[in-house]
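One-letter residues, chain by chain:
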Amino acid sequence: MTSLSYRESQTNTPQDGYHLPDAIRWSNGKVVIIDQTRLPLDEEFLSSDNYRDVCEWIKSLSIRGAPSIGIAAAYAASLAAYECDSTGAIDTKLETALQVILATRPTAVNIRNIIERLRKLDVLGRSVGNVFLEEADKILKEEIESCRKIGKFGLELIPDRAVILTHCHTGGLATGGYGTALGMIRAAHEAGKDVMVLVDETRPLLQGARLTAWELQKLGIEFRLIVDGASGIAMRKFKADLAVVGADRIATNGDTANKIGTYNLSVLCKENGVPFYVAAPSSSFDSAATSGDDIPIEERNPDEVTHFRECRSAPDNISVYAPAFDVTPGENVAAFVTEEGIIRKPYRANIGTLLRD
Ligand code: MRU
């Protein structure tokens, strides 16, 4: 595994005049990512031709956000297939590697959905690595395209002057490019709407403070960073028009797993009559989960709560509960914004239609 400087790593010409680095790409037989754990202090890139490194990046959140880890899983599967020299079939060795990829992070369904998609490909008489790699490139393009469509569909939900609350990070880095919830905000800004974003810092790993604030600043979109506990007072003081978040897994009844603290925000929205939207591509829906009870919730290392980076911020030897995600009941969600359009209640029927088409 090697680290590259910003200049060495970039092939991306700025989109729409903005200078945002690629979240992930394939270059000369290697996967290249920007290390999201180092942002915003360092813009450093990692590259490797070993699928085990990509799995470590996913686990350590060097690459994170449901669509981005799905894309990373597809590239990891290609690397594994090349390493196993698989031809014409998914052999036992490759299957073992796919299980390692599937076990990296449990909550975002994107990894599972994408490995299932790869399994269905016709590999007869072909190098499995080549077939998986073609598909991985296709998935990356599709995810970015989906985000742009989400941005367009979301426009009708955003008033011309809007104060918008968001939680965690759902921008280009989390999605392969452009963003889901942040994509909606970005599309509104690009359409000339006057938006101001209230950004939850998102304890404990500060995806809001480190990544959303960094991305909004680069995009020139007005925002205020707030601690998670300030979302109530900020919602009232700035008269929030809406909240929009992303998703790691959406059950067929609309129950939505997303970054810890999302459920609290949805309850605040309900209490204050603020519409709470979820923006997510169809790759984040789980046709096998009938409610939030079917969604596995990842628990992280307690050190992430008791420390900030290497610095301890709580007493030693204490008990910690560190869920990475929570589940917002579908009833708290005013609508889902997907690349196929806006989905409203009743969710069981309307999400069913999305998943069947
Ligand atoms: O633990 P993370 O940082 O991977 O959690 C990410 C989130 O919860 C995002 O909101 C979600 O994946 C949607 S990304 C478009």
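1. Here we look at empty space enclosed by the protein
Link 1 in the chain: One pass over the structure, following the stated rule, counts one cavity of 30 Å³ or more.
Link 2 in the chain: Within this model, the largest cavity holds a volume of roughly 180 Å³.
Link 3 in the chain: Arg64, Gly65, Ala66, His169 and Asp248 are the residues nearest the centre of the largest cavity, which is lined by 23 residues in total.
Link 4 in the chain: When residues of the lining of the largest cavity are traced back to their parent elements, those giving at least two are helix 3 (66–84), helix 7 (172–175) and strand 10 (256–259).
Link 5 in the chain: The element contributing the most residues to the lining of the largest cavity is helix 3, with three residues.
Link 6 in the chain: The residue inventory of the lining of the largest cavity, partitioned by class, reads ten nonpolar, nine polar and four charged.
Link 7 in the chain: Of the domains in this structure, domain 1 (24–145) and domain 2 (152–356) are the two that each give at least three residues to the lining of the largest cavity.

2. Details of the sheet that holds strand 9 (residues 249–250)
Link 1 in the chain: Read across the open sheet, the three strands follow the order 9-10-14; overall the sheet is antiparallel. Either end of the sheet is taken by a strand with one partner, and the two such strands are strand 9 and strand 14 (325–328).
Link 2 in the chain: With four bridges joining them, strand 10 and strand 14 adopt antiparallel strand pairing. Considered in strand 14, the bridge of Ala257 is made with Val327.
Link 3 in the chain: Contacts from helix 11 (residues 262–272) reach strand 10 and strand 14, with the element oriented near 30° to strand 14.

3. Regarding the site of the ligand
Link 1 in the chain: Around the ligand sit 17 residues in total, of which Arg64, Arg105, Gln207, Asn258 and Lys259 are the nearest.
Link 2 in the chain: At 3.1 Å from an oxygen atom of the ligand is found a main-chain nitrogen or oxygen belonging to Gly65.
Link 3 in the chain: For the ligand, whose accessible area on its own is 420 Å², the fraction buried by protein is 99%.
Link 4 in the chain: Taking a 2 Å distance to the grid points as the criterion, the majority of the atoms of the ligand fall inside the largest cavity.
Link 5 in the chain: Sorting the residues of the shell around the ligand by element identifies helix 3, helix 7 and strand 10 as the ones contributing at least two each.
Link 6 in the chain: For the shell around the ligand, the class distribution of residues is six nonpolar, seven polar and four charged.
Link 7 in the chain: Each of two domains, domain 1 (24–145) and domain 2 (152–356), supplies a minimum of three residues to the shell around the ligand.

4. Looking at the pairing of strand 5 (residues 161–166)
Link 1 in the chain: Counting buried positions over the six residues of strand 5 gives five, a clear majority of the element.
Link 2 in the chain: Sheet analysis places strand 5 next to strand 6 (residues 194–200), joined by six bridges and oriented parallel. Bridge pairing in strand 6 places Ala162 opposite Val195.

5. Considerations on the nonpolar core
Link 1 in the chain: In terms of nonpolar packing, the biggest core is built from 72 residues, with Ile24, Ile101, Ile185 and Val244 touching the most fellow members.
Link 2 in the chain: Broken down by element, this core gets its largest block of residues, 13 residues, from helix 3.
Link 3 in the chain: When residues of this core are assigned to domains, at least three fall in each of domain 1 (24–145) and domain 2 (152–356).
Link 4 in the chain: With sequence-adjacent residues up to four places away left out, Val244 is seen in contact with Ile164, Leu165, Thr166, His167, Ala181, Met184, Ile185, Tyr277 and Ala279.

6. What to know about the environment of Phe336
Link 1 in the chain: With respect to the helices, strands and loops of the structure, Phe336 is situated in strand 15 (residues 335–338).
Link 2 in the chain: Separated by 79 residues in the primary sequence, Phe336 and Ala257 have C-alpha atoms spaced 13 Å apart.
Link 3 in the chain: Excluding anything up to four places from it in sequence, Phe336 contacts Ile250, Gly254, Thr256, Val278, Phe285, Gly341, Ile342, Ile343, Tyr347 and Ile351.

7. Here we look at the domain arrangement of the protein chain
Link 1 in the chain: Segmentation of the protein chain into domains returns domain 1 (24–145) and domain 2 (152–356).
Link 2 in the chain: Relative to domain 2, the C-alpha centre of domain 1 lies at a distance of 24 Å.
Link 3 in the chain: Across the contact, 28 residues belong to domain 1 and 32 residues belong to domain 2.
Link 4 in the chain: In this assembly, domain 1 packs against domain 2 so that about 2400 Å² is buried in total across both faces, 48% of it on carbon and sulfur atoms.
Link 5 in the chain: Together, Leu39, Arg64 and Thr107 form the three largest contributors to the area buried by domain 1 at its contact with domain 2, with a combined 24%.
Link 6 in the chain: At the boundary of domain 1 and domain 2, one finds three salt bridges.

Here is what the cut-offs are and how they apply
- Residues numbered from 1 in each chain as written.
- Predicted model: local features only at pLDDT ≥ 70, side-chain atom pairs only at ≥ 80, totals over all residues.
- Heavy atoms only, no water.
- 1 Å grid on protein atoms, 1.4 Å probe; cavity = no way out; pocket = protein on both sides within 12 Å on 5 of 7 lines; lining within 4 Å.
- Points joined across faces, edges and corners; volume = space filled by probe spheres on them.
- Helix = DSSP H or I, 4+ residues; strand = E, 2+ residues; numbered from the N terminus.
- Nonpolar A, V, L, I, M, F, W, Y, C, P; charged D, E, K, R; others polar.
- Domains from an automatic or database assignment.
- Pairing = 2+ DSSP bridges.
- Contact = heavy atoms within 4.5 Å.
- Axes fitted to C-alpha atoms, helices over the stretch in contact; angles between N-to-C directions.
- Near = heavy atom within 4 Å.
- Polar contact = N/O pair within 3.5 Å; in protein donor to acceptor, adjacent residues only side chain to side chain.
- Areas by Shrake-Rupley, 256 points an atom, 1.4 Å probe, with all protein chains shown as cover.
- Sits in = over half its atoms within 2 Å of the grid points.
- Buried < 20%, exposed > 50% of the residue type's maximum accessible area, 1.4 Å probe, protein only.
- Core = buried A, V, L, I, M, F, W, Y, C linked by side-chain atoms within 4.5 Å.
- Buried area = accessible area lost by both parts, 1.4 Å probe.
- Salt bridge = Lys/Arg side-chain N within 4 Å of Asp/Glu carboxyl O.

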